[in-house]
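Summary of the model geometry
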Amino acid sequence: MTASVQTVRTAGALPIPLVDLKAQYERYRSELDAAVQRVASNTSFIGGAEHDAFAHEFAAWCGGGFVALVGNGTDALELAVTELLGEGDGSGEIVTTSHTFVATAEAIANAGYRPVFCDIDERTCLTAPDAIERAITDRTRAIMPVHLYGQMVDMPAIRTIADKHGLKVIEDAAQAHGASFSGLRVGELGDAACFSFFPGKNLGAWGDAGAVHARDPALIDRINRRANHGRAGKYLHDFQGVSSRLDTLQAAILRVKLRHIDAWNVARREVASWYDALLSGHNGIGRPVTDSRATPVFHLYVVQIDDRDRVRETLNAAGIGAGVHYPVPVHEQPAFRHLGYRPDDFPVTSRVAKRVLSLPIYPEITRLQVERVASALIEAVRA
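Remember, predicted model here, so these are calculated numbers, not experimental data. (Residues numbered from 1 in each chain as written. Predicted model: local features only at pLDDT ≥ 70, side-chain atom pairs only at ≥ 80, totals over all residues. Heavy atoms only, no water.)

1. Examining the overall build of the chain
In terms of regular secondary structure, the chain is built from 14 helices and 12 strands. Against the globule reference of 21 Å for 383 residues, the chain gives a C-alpha radius of gyration of 21 Å, in line with a compact fold. Each of the three principal axes of the chain carries a C-alpha extent, and together these read 70 × 55 × 35 Å. Across the 383 residues in the chain, those meeting the buried criterion constitute 53%. The contacts of the chain with a sequence gap of at least 6 include a subset with a gap of at least 24, amounting to 71%. In the structure as shown, the chain presents an accessible area of about 16000 Å², 51% of it carried by carbon and sulfur atoms. With 40 positive and 45 negative side-chain charges, the chain shows a separation of 2 Å between the mean positions of the two kinds. (Helix = DSSP H or I, 4+ residues; strand = E, 2+ residues; numbered from the N terminus. Rg over C-alpha atoms; globule rule 2.2 N^0.38 Å. Buried < 20%, exposed > 50% of the residue type's maximum accessible area, 1.4 Å probe, protein only. Contact = heavy atoms within 4.5 Å. Areas by Shrake-Rupley, 256 points an atom, 1.4 Å probe, with all protein chains shown as cover. Lys, Arg positive; Asp, Glu negative; His and termini not counted. Charge placed at Lys NZ, Arg CZ, Asp CG, Glu CD.)

2. Looking at the sheet that holds strand β10 (residues 294-295)
Ordered in space as β7-β6-β10, the three strands form an open sheet in which the pairing is antiparallel. Looking at strand neighbours, the two that pair on one side only are β7 (184-185) and β10, the edges of this open sheet. Both strand β6 (residues 180-181) and β7 contribute to a ladder of two bridges, which runs antiparallel. Among the inter-strand pairings, Phe181 is bridged to a residue of β7, identified as Leu184. (Pairing = 2+ DSSP bridges.)

3. Description of helix α12 (residues 308-317)
Those residues of α12 not exposed but buried are Arg308, Val311, Thr314 and Leu315. End-on view of α12: buried residues confined to an arc of 130°, all on one side of the axis. (Arc of directions from axis to C-beta.)

4. Notes on the layout of surface pockets
Approximately 500 Å³ is the volume found for the largest pocket. In terms of lining, the largest pocket is formed by 28 residues, of which the most central are Phe101, Ala174, Ser196, Phe198 and Lys201. Of all the elements in the fold, those that place two or more residues in the lining of the largest pocket are α5 (73-85), α6 (103-110) and β8 (192-196). Looking at which element gives the most residues to the lining of the largest pocket, the answer is α5, with three residues. (1 Å grid on protein atoms, 1.4 Å probe; cavity = no way out; pocket = protein on both sides within 12 Å on 5 of 7 lines; lining within 4 Å. Points joined across faces, edges and corners; volume = space filled by probe spheres on them.)

5. Considerations on the packing of aromatic side chains
Inspection of the entire model under this criterion finds 13 aromatic pairs. Summarising the aromatic geometry, the rings of Phe101 and Tyr326 are spaced 6.0 Å apart at their centres and angled 40° between planes, so their arrangement reads as tilted. Within this pair, whereas Phe101 is found in the loop between β2 (93-97) and α6, its partner Tyr326 is found in the loop between α12 and α13 (347-353), the two being separated by 225 residues in sequence. Given a relative accessible area of 47%, Phe101 falls into the partly exposed group. (Phe/Tyr/Trp six-rings, centres within 6.5 Å; stacked < 30°, edge-to-face > 60°.)

6. Let's talk about the packing of α5 against α6
Close contact between α5 and α6 brings their axes to 8 Å; oriented N to C, the two are set at 40°. Judged on the interaxial angle alone, α6 and α5 are oblique. Regarding α5 and α6, the two cross each other, and that crossing is right-handed. Of the residues in α6, those in contact with Thr74, Leu77 and Glu78 of α5 are Ala103, Thr104, Glu106, Ala107 and Asn110. For the contact of α5 with α6, the per-class residue count stands at three nonpolar, three polar and two charged. (Axes fitted to C-alpha atoms, helices over the stretch in contact; angles between N-to-C directions. Parallel < 35°, antiparallel > 145°, perpendicular 65-115°, else oblique. Left-handed = near helix turned anticlockwise from the far one by under 90°. Nonpolar A, V, L, I, M, F, W, Y, C, P; charged D, E, K, R; others polar.)

7. What about the environment of Ser243?
Its location among the elements puts Ser243 in the loop between α9 (217-226) and α10 (248-258). Ser243 sits in the partly exposed class, given a relative accessible area of 48%. Measuring from C-alpha to C-alpha, the distance between Ser243 and Pro329 comes to 30 Å, with 86 residues separating the pair along the chain. With residues near it in sequence (within four places) discarded, Ser243 still touches Ala227 and His229.

8. Some points on the side chain of Thr96
Along the chain, Thr96 falls in strand β2. The exposure class of Thr96 is buried, given its relative accessible area of 2%. Within the structure, the side chain of Thr96 is placed 2.8 Å from the backbone oxygen of Met144, a separation counted as a polar contact. (Polar contact = N/O pair within 3.5 Å; in protein donor to acceptor, adjacent residues only side chain to side chain.)

9. What about the pattern of salt bridges?
According to the stated counting rule, one finds 28 salt bridges in the structure shown. For Asp130, the salt bridge is made with Arg134, and the minimal N-O distance between the two is 3.6 Å. Here Asp130 and its partner Arg134 are both found in helix α7 (residues 129-134), four residues apart, which amounts to about one turn of the helix. According to the relative accessible area criterion, Asp130 is partly exposed, its value standing at 45%. With relative accessibility at 63%, the residue Arg134 sits in the exposed group. Ionic contacts of the salt-bridge type, sharing partners, join the residues Arg38, Glu50, Glu57 and Arg255 into one network. (Salt bridge = Lys/Arg side-chain N within 4 Å of Asp/Glu carboxyl O.)

10. Some words on the sheet that holds strand β3 (residues 114-118)
An order of β1-β9-β8-β5-β4-β2-β3 is seen for the seven strands of this open sheet, with the pairing classed as mixed. Both edges of this open sheet fall to β1 (66-70) and β3, since each of them pairs with a single strand only. Strand-to-strand twist of the sheet, defined as the mean angle between neighbouring strand axes without regard to direction, takes the value 30°. Lying on the sheet, helix α4 (residues 48-61) is in contact with β1, β8 and β9 (210-214); it crosses β1 at an angle near 130°.

11. Thoughts on empty space enclosed by the protein
In the structure shown here, the tally under the stated rule is two cavities of 30 Å³ or more. Within this model, the largest cavity holds a volume of roughly 60 Å³. What lines the largest cavity is a set of 13 residues, and nearest its centre among them are Leu21, Gln24, Arg268, Tyr362 and Pro363. When the residues that make up the lining of the largest cavity are grouped by side-chain class, the tally is six nonpolar, three polar and four charged. One number sums up the size of the second largest cavity: a volume of about 40 Å³. Lining the second largest cavity are Trp61, Cys62, Gly178, Ala179, Arg185, Val186 and Phe195.

What follows is the structure, encoded as C-alpha cells:
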C-alpha cells in the first residue's frame, strides 16, 4: 500500500464514486419529486402528455427534427437500423468500432446485419474515417460511428465517405448528449442518432430508456410504430413490431434533467480541465486527447496507463471508484467469435483495452475530490 493511500484511509475520507447519482438527486430533489408526483397523480404511466412533451423538447434541444422514444439505447440502434435498411438476412454489413460497449454490435446483429470492425486512433480512442473507408465492401450497407466517452467522431468526413459509397449513417450517441464537431451537433449529419438514457449517462433516467433522433418525420413515425407492436392506433397493427416504449415516469424525470444538461456539460468540461492540469507532466499517464474541432461533453474521463489493473485496484482500495471502459473489445468477445476475428486484427484496439482507466467525473464532484483522485493516481502509477 502506498503512503498516499494509507493517508487517505487514516484521514477517514469519504469514498469518491465513479458516478454519484445520489448527489445529483439531492441537489434536484424538489424538482424530481414533483415530476414523480405529477405522474402518480395523473395515473398516466404509458404515453401521455409527459411522454409527448419530452419527445418534442428533446428534439428541439437536439437542434430540431423529430424523436422516437424507446425502451433503451440498444433498441434505439436496432430499430433505426431496421427502419433505415430493412430487416437483414445476415449478408449485409455495417462498419463500426470494436472499442465500444457490446450493444453497438449486438444491435447490428439483432437487426440481421454483420458488424464489421475497424481499428481506432490510439490518442482519441475513436475510429478514424480512413479506417472506416478501408473496411467498406460491396456488402456494406451503413456506417455506425460511436461517439465514445462524450467526444464526437469526425462526422463531416464520415458523411462524405457515406455519400461517396451510397451508405446510411446511424450514430451511436449513447455517450454524447450535447457533443458537437465543427459546430455541428450529434444528429445533424447522420440519418439517425441513437441515444441511451441509462441512469449514469450525462442525461440519465431512473431506469432504462432511449431515443432515436432524425430529420425525417416518416422514419420516426415508422420507428414509433415498430416500437409499439407495429401499430399507430390501439388495435390495428400494420406490421409485426416489438414492445419498446419509454414509460411516462422516465419521460417526466428526463424533462427535469433536460433543463440542466447544458450546465452539467459545462461542469464536466471544467472537471476535465482540472484533471488535465493536475496530471500534466506525468509521463506515465496518458490524458484524453480531444480533436481541436470537437466540443466534448466528457461522459467519461479516460486516461491510459501501464499496469492498469494494479493501479485500479489501488485506487479502489483507497475509496476511489475508478472503472474500465472497456476491458474486452467486441471482436474478442465470445458472443462474436463466429465473426472470425483474431485479437491482433485490431492491434491498437486490443492494446488500448488493456490501458484505459476511467476516473470519477460528474457535475457535482468538487475540486478537492479531483485533487485527491489525481494525487492517488500519480502515486499508484509511480509505485
